[in-house]
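The chain contents come next:
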Amino acid sequence: MPEAIRKVNVIGHLNPDTDSICAAISYAYLKNKIDSPIYEARRAGTLNRETAFVLKHFGFEEPQLITTVTPQIKDAEIQKQPKVDGDMSLFDAWNLMQDVKLDTLVVTDSTEHLEGLIAVKDIANANMGLMESKMLSETHTSYKNILSTLGGTMLVGDPNGFVSQGGIRVGTCSVSMTEIIEAGDIVVVAGNHENQLLAIKQGASCLIVSCDGEVNDDVIEAAKQAGCVIITTPRDTFEVARLLTMAVPVKSKMLTSNILKFSVNTSIDDARKAMAKSRHRFFPVLNENGTYAGLISSPGLLKVRKKHVILVDHNERTQAVNGLDQAEIMEIVDHHRIGSVETTNPITFRNVPVGCTCTILFGLYREYGVEIPKNIAGLMLSAILSDTLAFRSPTCTPTDVAAGKALAEICGEDIEKYSEQMFDAGADLTGRTAEEVFHGDYKIFSRGNAKFGVGQGSFMTENSRKAAEALVGPFLKTAAESEELPMVFYMFTDVKSQVTEMLYYGAGAQEVLERAFNVTPDNGIAVLPGIVSRKKQVVPSLMSALQFTDDED
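Each value, and the rule that gives it
- Residues numbered from 1 in each chain as written.
- Predicted model: local features only at pLDDT ≥ 70, side-chain atom pairs only at ≥ 80, totals over all residues.
- Heavy atoms only, no water.
- UniProt positions renumbered as here; feature names shortened; annotations may be inferred.
- Helix = DSSP H or I, 4+ residues; strand = E, 2+ residues; numbered from the N terminus.
- Contact = heavy atoms within 4.5 Å.
- Areas by Shrake-Rupley, 256 points an atom, 1.4 Å probe, with all protein chains shown as cover.
- 1 Å grid on protein atoms, 1.4 Å probe; cavity = no way out; pocket = protein on both sides within 12 Å on 5 of 7 lines; lining within 4 Å.
- Points joined across faces, edges and corners; volume = space filled by probe spheres on them.
- Nonpolar A, V, L, I, M, F, W, Y, C, P; charged D, E, K, R; others polar.
- Domains from an automatic or database assignment.
- Buried < 20%, exposed > 50% of the residue type's maximum accessible area, 1.4 Å probe, protein only.
- Arc of directions from axis to C-beta.
- Polar contact = N/O pair within 3.5 Å; in protein donor to acceptor, adjacent residues only side chain to side chain.
- Pairing = 2+ DSSP bridges.
- Axes fitted to C-alpha atoms, helices over the stretch in contact; angles between N-to-C directions.
- Parallel < 35°, antiparallel > 145°, perpendicular 65-115°, else oblique.
- Left-handed = near helix turned anticlockwise from the far one by under 90°.

By the naming in an unreviewed UniProt entry, the protein is inorganic diphosphatase, taken from Lancefieldella rimae. Under Catalytic activity (unreviewed entry), UniProt gives the following word-for-word description of the protein: "diphosphate + H2O = 2 phosphate + H(+)". UniProt, in the comment section headed Cofactor (unreviewed entry), describes the protein in these words: "Mn(2+)".

Quick look at the structure:
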């Protein structure tokens, strides 16, 4: 397995049925046994009640939902960055930018949640605010930041304290100091003993001695008595005056509102569109839980890893998740007609004319010599019974029957008893909407200009079938309009009698049914004795009838 492949999604079709879900789980298990364990089953829609019953019966959680396989931010180059605390000084932030070669830093709290952004321009603007003499007190700058920025040493005071009052003053001579220093000011002086004492006498809250000037014991004692902090620094007076404003905390100058940020699940296409409207270069990326993951830039979207997928129980683009053309299809395992999916490279395509995808998987387990666990056998048996209507469907082959019986022996289920329980669970309408029942097992088909939808429900009793018809029938019009389909058909199949009552909607739908099955619908229902298979009996007949109609036109 190439190192570039991080994970392979094993996915069934949209509006998943039991075979689609069970095949995804069973094949992912097999692949992980014979290859690196990076295969994960996914579902492309909401589970129907039959499938939910099957998963619960054999102790499985439903697979994680996947709606698209388009590349996402997590498939691009996300730049990692050292954690930046909002209390960090602008000076330290500037130096960090030089080290990591970034002009934007992300500020997070202690739980790694985004607090803001600080960019080079923000630091430059702050650096130009030298006339803002009260910047340190207004931003409650910590003495730790001042010490770090100036490379200083604290002789008097608490390094964990904060500047709470006063402006920045530069003491040059005693006359000027008397005029400019107010109580609470931060005074920058050199090693002049007289000026140091004068600043303390004038009520300075902090004395910064430049050029590592000498500070005598009497000055230190006077500062202690007055509650004045003393810091010495090797920097000269000019440097101190310029750098002091760079000691303010990042949080005082960072951007906190209207931040353009992305989730790791944001699609690359959406990110590109958003970035094109922004003048920033770097954008924060958040994990699924909202914590900070890194930075992304427009160039970082150029090198994107495609998602790797295996398709089971379908090979038509209309039945697949979105973005399939931007993904790397690695394999297809299916039992339907070969449809419209195209691949860039040659792949393994296992297409066998049997009644169920899990029948094919049963053969693959034997081919690879992998033992089938009891719970996996239960899933595969359920799929076969569902797709073949408990071996009653014309799509059922001797291979399906043999596989089903072998799997029943492994999982310890009685086929007749279990199949009734499964179909009854699927037919239960309690608390269900027409839309939920309609999409329980529904597919869209196309060939040439012909495009239509066909759904199917399987029922063990006439009462359950009639109840479903009454619920779903009025919804066909809504389904056709919402999905922009000219025709929609729905099969209500009685498993025991092997009769389907077909409801339909759309201009010309009745004529197509009459031509396809040589029947005359009554009150919007076409009764089709012996017709139970959507794949083998219904869809081919509908396509032939539609093709004939097109030829006449």
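Here we take up the overall build of the protein. Counting its regular elements, the protein contains 20 helices and 22 strands. With the C-alpha coordinates of the protein rotated into their principal frame, the extents come out at 115 × 55 × 45 Å. Of the contacts made within the protein by residues no fewer than 6 positions apart, 62% connect residues no fewer than 24 positions apart. As displayed, the protein offers around 24900 Å² of accessible surface, 49% of which is attributable to carbon and sulfur atoms.

In this structure, the largest pocket occupies an estimated 670 Å³ of space. In terms of lining residues, the largest pocket is bounded by 44 residues, among which D17, D387, D441, Q456 and R534 are the most central. Looking at the lining of the largest pocket, the elements that each hand over two or more residues are α2 (49–57), α13 (374–387), α15 (415–427), β18 (442–447), β19 (450–459), β20 (488–494) and α20 (534–552). If one sorts the elements of the lining of the largest pocket by residue count, α20 sits on top with 5 residues. Partitioned by chemical class, the residues of the lining of the largest pocket number 13 nonpolar, 17 polar and 14 charged. Composition of the lining of the largest pocket by domain shows at least three residues from each of domain 1 (7–70 + 307–423) and domain 4 (434–550). Every residue lining the second largest pocket is counted, 20 residues in all, and those nearest its centre are K7, N9, Q72, K74 and K307. Across the lining of the second largest pocket, the residue classes tally to 4 nonpolar, 7 polar and 9 charged.

Within the span of α2, buried status applies to E50, T51, V54 and L55. Projected onto a plane normal to the axis of α2, the buried residues spread over an arc of 130° and lie on a single side. On its buried face, α2 sits against α1 (18–34), α13 and α15. Near the N-terminus of α2, the side chain that reaches the backbone nitrogen of E50, with its oxygen 3.1 Å away, is that of N48. One or two positions beyond α2, positive phi appears at G59, with a value near 80°.

Its location among the elements puts A403 in helix α14 (residues 398–411). Exposure remark for A403: the relative accessible area of 2% places this residue in the buried category. Excluding residues that lie within four positions of it along the chain, A403 makes contacts with T359, F362 and I384.

For β18 and β19, the ladder comprises 6 bridges, and the chain directions are antiparallel. The residue bridging F445 from the neighbouring strand is F452, located in β19. Taken together, β18 and the strand that follows it, β19, pair antiparallel across an intervening segment of 2 residues, in which G448 is found at a positive phi of about 65°.

Packing of helix α3 (residues 90–100) against helix α4 (residues 120–127) brings their axes to within 10 Å, and their N-to-C directions diverge by 140°. The angle between α3 and α4 places the two elements in the oblique class. Like other packed secondary-structure pairs, α3 and α4 cross with a definite hand, here left-handed. In this structure, α3 contributes L90, A93, W94 and M97 to the contact, and α4 contributes V120, I123 and A126. The class makeup of the residues in the contact of α3 with α4 is 7 nonpolar, no polar and no charged.

Time to look at the environment of G184. Here G184 is to be found in the loop between α7 (174–180) and β9 (186–189). Here G184 falls in the buried class, since its relative accessible area comes to 3%. Through-space distance from the C-alpha of G184 to that of T68 is 61 Å; in sequence the pair is 116 residues apart. Non-local contacts of G184, meaning those with residues more than four positions away in its chain, are made with Q165, G166, G203, A204 and S205.

Here 5 strands make up an open sheet; going across it, the order is β7-β11-β10-β9-β8 and the pairing mixed. Both outer strands of the open sheet, β7 (153–156) and β8 (168–170), are each paired with one neighbouring strand and no more. The sheet shows a mean angle of 25° between the axes of neighbouring strands, taken without regard to direction. Two elements, β7 and strand β11 (residues 229–232), share 3 bridges in a ladder whose sense is antiparallel. Of the residues in β11, the one forming a bridge with M154 is I231. Against the sheet, helix α6 (residues 143–150) contacts β7, β10 (206–209) and β11, and its axis sits at roughly 20° relative to β11. Here helix α8 (residues 193–201) sits on the sheet in contact with β9 and β10, set at roughly 165° to β10.

It is worth spelling out the packing of α1 against helix α12 (residues 357–368) at this point. Close contact between α1 and α12 brings their axes to 9 Å; oriented N to C, the two are set at 15°. The orientation of α1 with respect to α12, classified from their angle, is roughly parallel. The crossing of α1 and α12 is left-handed. Residues D19, C22, A23, S26, Y27, Y29, L30 and I34 of α1 touch α12, and the partners they reach there are T357, C358, L361, L364, Y365 and Y368.

Glancing now at the UniProt feature "domain: CBS" (unreviewed entry) in the protein. In the UniProt entry, the feature "domain: CBS" (unreviewed entry) is given for residues 77–135 and 254–312. Secondary structure within residues 254–312 divides into 15% helix and 31% strand; the distance between the first and last C-alpha atoms comes to 50 Å.

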